[in-house]
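Here's the letter readout for the chains.
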Amino acid sequence: MKKEALIAQLKDIVQPYVQNEEALENLTENTDFISDLKINSANLVDVVLDVEEVFDIEIDNDAMEKMLTVKAAMEIISAKLAEK
């Protein structure tokens, strides 16, 4: 999957949980879900569940703990899709 398409899908997934709309508009690989988008840790779990559903993958606890930035999420999603 292309990087731009993956970022666009992640943007759609996190949008309902974002507290900082301006940061969402400027979403990049370096965006941090918690400090930039102001997504709280409970909602971060929802983001992971939504990612699993959208991409039809399973994210283990180790990967979930690392999924704090857009770049980390992209790497985890890409790796899981490659395993399929």
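So, a few notes on the structure that sits alongside this text. Please read all numbers here as calculations on a predicted model, not as lab measurements.

Here we take up the overall build of the protein. Helices and strands together make up the secondary structure of the protein, namely 5 helices and 0 strands. Along the protein, helices (α) and strands (β) appear in the sequence α-α-α-α-α when read from the amino end. The globule rule puts the C-alpha radius of gyration for 84 residues at 12 Å, and the 12 Å found for the protein is close to it. Its C-alpha atoms put the protein at 35 × 25 × 20 Å along the principal axes. Counting only residues that meet the buried cut, the protein has 39% of its 84 residues in that class.

Glancing now at the pattern of salt bridges. Enumeration over the complete set of coordinates arrives at 3 salt bridges. Note that glutamate 29 and lysine 3 form a salt bridge whose closest N and O atoms lie 2.7 Å from each other. In this pair, glutamate 29 sits in the loop between helix 2 (21-25) and helix 3 (41-55) while lysine 3 sits in helix 1 (residues 3-14), placing the two residues 26 residues apart along the sequence. In this structure lysine 3 comes out as partly exposed when scored by relative accessible area, which is 43%.

A few words on the environment of isoleucine 13. Counting through the fold element by element, isoleucine 13 comes out in helix 1. By relative accessible area, isoleucine 13 is classed as buried at 8%. Beyond its immediate chain neighbours, meaning those up to four positions away, isoleucine 13 contacts Val47, Asp50, Val51, Val54 and Phe55.

Moving on, we come to helix 3. With 15 residues, helix 3 should cover 21 Å at 1.5 Å per step; its first-to-last C-alpha distance of 21 Å lies within 8% of that length. Considered for burial, the residues of helix 3 that qualify are Asn43, Leu44, Val47, Val48, Val51, Glu52 and Phe55. The N-terminus of helix 3 is capped by asparagine 40, whose side-chain oxygen sits 3.2 Å from the backbone nitrogen of alanine 42. Positive phi appears at aspartate 56, one or two residues downstream of helix 3, with a value of about 55°.

Mapped onto the elements, asparagine 40 comes out in the loop between helix 2 and helix 3. Judged by relative accessible area, asparagine 40 falls into the partly exposed class, the value being 42%. From its side chain, asparagine 40 meets the backbone nitrogen of alanine 42 in a polar contact 3.2 Å long. Polar side-chain contacts of asparagine 40 include one of 2.8 Å to the backbone nitrogen of asparagine 43.

Rules behind the numbers
In this convention, every chain numbers its residues from 1, walking through the sequence in written order. Given that the model is predicted, a residue must reach a pLDDT of at least 70 before its local features are reported, and side-chain atom pairs must reach 80 or more before they are shown or counted; all residues, however, enter totals for whole chains, interfaces and linings. Calculation of side-chain values draws on the structure's entire complement of heavy atoms; hydrogens and water are dropped beforehand. The helix count covers DSSP runs of H or I at least four residues long, the strand count covers runs of E at least two residues long, and both are numbered beginning at the N terminus. Both definitions apply: the radius of gyration is a C-alpha atom measure, and the globule rule equals 2.2 Å times residues to the power 0.38. In this scheme, a residue with accessible area under 20% of its type's maximum is buried, one over 50% is exposed, and one in between is partly exposed, where area comes from a 1.4 Å probe on protein chains only. Just to be clear on terms, a salt bridge is a Lys or Arg side-chain nitrogen sitting within 4 Å of an Asp or Glu carboxyl oxygen. Should any heavy atoms of two residues lie within 4.5 Å, those residues are considered in contact. By definition here, a helix of n residues has an expected span of 1.5 Å times n minus one. Each polar contact in these results corresponds to two N or O atoms within 3.5 Å; when the atoms are within protein, one needs to be able to donate a hydrogen and the other to accept it, and residues that are neighboring in sequence are counted only if both atoms are side-chain atoms.

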